[in-house]
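Residue-level listing of the chains:
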Amino acid sequence: MNVYDSARMADVLAPLGYEPAGSPEGADMIVLNTCHIREKAAEKVFSELGRLKQFKIAKEADGGRMLIAVAGCVAQAEGREILRRAPQVDVVLGPQTYHRLPEMIAKAMRAAPGAGVLDTDFPPESKFDHLPEEAASQGPAAFLSVQEGCDKFCTFCVVPYTRGAEFSRPVGQVVAEAERLVADGALEITLLGQNVNAYHGQASVEGAEIWGLGRLIRRLAGIDGLKRLRYTTSHPRDMDDDLIETHGAVKELMPYLHLPVQSGSDRVLEAMNRRHTADDYRRIVERLRRARPDLALSSDFIVGFPGETDRDFAETLRLVTETGFAQAYSFKYSPRPGTPAAMAECQVPEAVKAGRLAMLQTLLNEQQAAFNQMSVGKTMSVLLERPGRRSGQLVGRSPHMQAVHVSAPEHLLGRVVDVEIEAGHPNSLAGCLAGDRAAGAIDPGVGAAPDGPFRQAGL
Ligand code: 5AD
Ligand code: SF4
């Protein structure tokens, strides 16, 4: 989401003459786009601001002027405190106000040095109604924000406080942006939202008809030239029948889903206010796999949530073992100021959290390695996104989101090609173009992806 937001900030700034600089040194403006989800986010921002101050001083010594802006969720959470602790900052703006960046810059230019400009409102108007069209192409794999914010209030999470209430962009706006992205060269679009499957977009300006994410995906899949769709991040509670069926019915929707579960213990899930049980999650996964047998699953886990016992943690390991994840993200619980769980008395000691995280990650890494190994010998369609580190090598994504290093000529960059997978590494795959068909005109759909990988492995 922050990558997408940064690109949109660049769009807002382009008409003012700003363009991306190669380094902070000598830049006219530096925008720090920040994330507040875990760990010492604010401290990291302040230490980075200390480093950037040197560039500002150097530019001023040369008679120039450099603006420093802090954007994103740390800006939203810390607000005026940033201006107080870091007077070198000229502008502080939240994630919902970046369409007003030009006004803020104009104010900051007029303001006396040290008098910062702050805009961390949740304005009643949507920023999406005010953003200019995308100035620069995002390339073959693009992001598109369709939903923002969250009303779920998991007790560990800052998102409802920093990103605000749940909001869905209207269908027409999303379709128009998707069509522009495709016209600009996108073959794959990832739909973004903090709670993307809570999407409920207005189908027309005057009408009361509301579309869910499944219907939106089916509409977008009809865009000529768009080969692949993905979405992230979703919540088990919003995995409705229509969306599950869409996984089976729409070939453009890639067989990969990031579906955070957080814990396998019902006690912990309840304390987290997740409003689903471990068995609810198992049932949803079963239905998804019935609809799309080759679906690769990813998830998020938190270990050491306040009150988590060894037995609770064992339930998480059991859920992982039974479910089988192609990859996953796991974190030690990090108390976030202002959230209910941060106030709980039964905090888990750091050493216990670290031990559990290591154990969980060992299991998840084994599953990921096994999943990658099972890809060896298969032919998969890969969207080649960027040059690799070695010459003669391009890097892309498989339908299952695996990074694939491919020996291929550079003119195939931005194409979908069939790749024979020769090696499976812990975090990536390696392969070569599949025979003569490599030269190009291959159907860029899913190709021959491994089917039911974890079933075969008995995981
Ligand atoms: N501590 C640890 N992990 C967290 N996440 C969100 N808040 C916290 C927190 N306070 C994790 C969740 C979420 C992912 C984006 O970050 O697993 O799904
Ligand atoms: Fe945070 Fe996701 Fe829970 Fe919303 S559903 S509060 S974004 S973890």
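Residues numbered from 1 in each chain as written. Chains lettered and ligands numbered in written order. Predicted model: local features only at pLDDT ≥ 70, side-chain atom pairs only at ≥ 80, totals over all residues. Heavy atoms only, no water.

Looking at the overall build of the protein chain
Move 1: A tally of helices and strands in the protein chain yields 15 helices and 19 strands.
Move 2: Over its C-alpha atoms the protein chain spans a radius of gyration of 23 Å, differing by no more than 12% from the 23 Å that the globule rule assigns to 459 residues.
Move 3: With the C-alpha coordinates aligned to their principal axes, the bounding extent of the protein chain is approximately 65 × 60 × 50 Å.
Move 4: Long-range pairs, those at least 24 residues apart, make up 73% of the contacts in the protein chain between residues at least 6 apart in sequence.
Move 5: When the accessible surface of the protein chain is split by element, carbon and sulfur atoms take 52% of a total near 19900 Å².
Move 6: Charged side chains of the protein chain number 51 positive and 59 negative; the gap between the two group centres comes to 3 Å. (Helix = DSSP H or I, 4+ residues; strand = E, 2+ residues; numbered from the N terminus. Rg over C-alpha atoms; globule rule 2.2 N^0.38 Å. Contact = heavy atoms within 4.5 Å. Areas by Shrake-Rupley, 256 points an atom, 1.4 Å probe, with all protein chains shown as cover. Lys, Arg positive; Asp, Glu negative; His and termini not counted. Charge placed at Lys NZ, Arg CZ, Asp CG, Glu CD.)

A short note on the side chain of Lys152
Move 1: The topology assignment puts Lys152 in the loop between β6 (147-148) and α6 (159-162).
Move 2: Polar side-chain contacts of Lys152 include one of 2.6 Å to the side chain of Asn195.
Move 3: Residue contacts for Lys152: discarding those within four places in its chain leaves Asn195, Ala198, His235, Arg237, Asp238, Asn273 and Arg275. (Polar contact = N/O pair within 3.5 Å; in protein donor to acceptor, adjacent residues only side chain to side chain.)

Here we look at the site of ligand 2
Move 1: Inspection of the region around ligand 2 gives Cys150, Lys152, Phe153, Cys154, Phe156, Cys157, Val159, Pro160, Asn195, His235 and Arg274 as its neighbouring residues.
Move 2: Residues of the shell around ligand 2, tallied by class, amount to 7 nonpolar, 2 polar and 2 charged. (Near = heavy atom within 4 Å. Nonpolar A, V, L, I, M, F, W, Y, C, P; charged D, E, K, R; others polar.)

Some words on the sheet that holds strand β12 (residues 256-258)
Move 1: Ordered by their spatial adjacency, 3 strands build an open sheet running β12-β13-β14, and the pairing between neighbours is parallel. Each edge of the open sheet carries a strand with a single partner, namely β12 and β14 (327-332). In this sheet, neighbouring strand axes are inclined to one another by 10° on average, regardless of whether the strands run parallel or antiparallel.
Move 2: Most of the contacts of helix α14 (residues 350-375) go to β14, to which it runs at about 175°, and overall it touches β13 (296-303) and β14. (Pairing = 2+ DSSP bridges. Axes fitted to C-alpha atoms, helices over the stretch in contact; angles between N-to-C directions.)

Things to note about the site of ligand 1
Move 1: Surrounding ligand 1, one finds Ile37, Arg38, Phe156, Gln262, Asp300, Ile302, Phe331, Lys332, Tyr333, Ser334 and Arg336.
Move 2: The contact in question runs from an oxygen atom of ligand 1 to an N or O atom on the side chain of Asp300, over 2.6 Å.
Move 3: The protein chains hide 88% of the 400 Å² of surface that ligand 1 would expose on its own.
Move 4: Put simply, the parts of the chain that give the shell around ligand 1 at least two residues each are β13 and β14.
Move 5: Considering only residue class, the shell around ligand 1 consists of 5 nonpolar, 2 polar and 4 charged.

A word on the environment of Val205
Move 1: Along the polypeptide, Val205 turns up in the loop between β9 (201-202) and β10 (210-211).
Move 2: Along the primary structure Val205 and Asp184 are separated by 21 residues, whereas in three dimensions their C-alpha atoms are 26 Å apart.

Section: the pattern of salt bridges
Side-chain pairs of opposite charge can arise where the charged atoms are in close proximity.
Move 1: Per the counting criterion, the structure on display carries 36 salt bridges.
Move 2: Among the salt bridges present, the one from Arg180 reaches Glu134, with a minimum N-O distance of 2.9 Å. Separated by 46 residues along the polypeptide, Arg180 in helix α7 (residues 171-183) and Glu134 in the loop between β4 (117-119) and β5 (141-145) bring together distant segments of the chain.
Move 3: When the shortest N-O distance is used, the salt bridge between Arg169 and Glu177 registers 2.9 Å.
Move 4: Relative accessible area serves as the criterion here: at 3%, Arg169 is assigned to the buried category.
Move 5: When salt bridges with common partners are traced through the structure, they connect Arg8, Asp11, Glu133, Glu134, Arg169, Glu177 and Arg180 into a single cluster. (Salt bridge = Lys/Arg side-chain N within 4 Å of Asp/Glu carboxyl O. Buried < 20%, exposed > 50% of the residue type's maximum accessible area, 1.4 Å probe, protein only.)

What about the packing of aromatic side chains?
Move 1: Summed over all chains, the structure comprises 5 aromatic pairs.
Move 2: Between Phe153 and Tyr161, the aromatic rings sit 5.5 Å apart at their centres with planes inclined by 80°, giving edge-to-face as the arrangement.
Move 3: A residue is classified by how much of its surface remains accessible, and Tyr161, at 38% relative accessible area, is partly exposed.
Move 4: Ring geometry for Phe156 versus Phe305: centroids 6.4 Å apart, planes at 85°, classification edge-to-face. You can see Phe156 sitting in the loop between β6 and α6 and its partner Phe305 sitting in the loop between β13 and α12 (310-323), a full 149 residues away along the chain. The pair Phe156 / Phe305 is uniform in exposure class, with both members buried. (Phe/Tyr/Trp six-rings, centres within 6.5 Å; stacked < 30°, edge-to-face > 60°.)

Focus on the pairing of strand β18 (residues 416-424)
Move 1: With 5 bridges connecting them, strand β15 (residues 379-387) and β18 associate as antiparallel partners. Looking at β18, one finds that Thr379 is bridged to Glu420.
Move 2: The hairpin turn running from β18 into strand β19 (residues 428-433), its antiparallel successor, is 3 residues long.

Quick word on the sheet that holds β15
Move 1: Taken together, the 5 strands give a closed barrel; going around it, the order is β15-β16-β17-β19-β18, and neighbouring strands pair in mixed fashion. Here the strands of the sheet are splayed against their neighbours by 50° on average, with no regard to which way each runs.

Digging into the packing of α7 against helix α8 (residues 213-221)
Move 1: At a minimum axis distance of 11 Å, the contact between α7 and α8 shows a crossing angle of 35°. For the pair α7 and α8, the crossing hand works out as right-handed. Two secondary-structure elements touch here, α7 through Val171, Val174, Val175, Ala178 and Glu179 and α8 through Leu216, Arg219 and Leu220.
Move 2: Partitioned by chemical class, the residues of the contact of α7 with α8 number 6 nonpolar, no polar and 2 charged. (Left-handed = near helix turned anticlockwise from the far one by under 90°.)

Observations concerning the side chain of Ser234
Move 1: Tracing the backbone through its elements, the reader meets Ser234 in the loop between β11 (228-232) and α9 (241-249).
Move 2: A polar atom in the side chain of Ser234 sits 3.1 Å from the backbone oxygen of His258.
Move 3: Apart from residues no more than four positions distant in its own chain, Ser234 is found in contact with Val196, Asn197, Leu257, His258, Leu259 and Pro260.

Focus: the environment of Val182
Move 1: Along the chain, the position of Val182 falls in helix α7.
Move 2: When residues no more than four places from it in sequence are discounted, the contact partners of Val182 are Ile189, Ile223, Asp224, Gly225 and Leu226.

Things to note about the state of the cysteines
Move 1: Counted according to the given criterion, the structure contains 0 disulfides.
Move 2: Looking at Cys73, it has no disulfide partner, and the nearest cysteine sulfur is the one in Cys35, 6.5 Å off. (Disulfide = S-S within 2.5 Å.)

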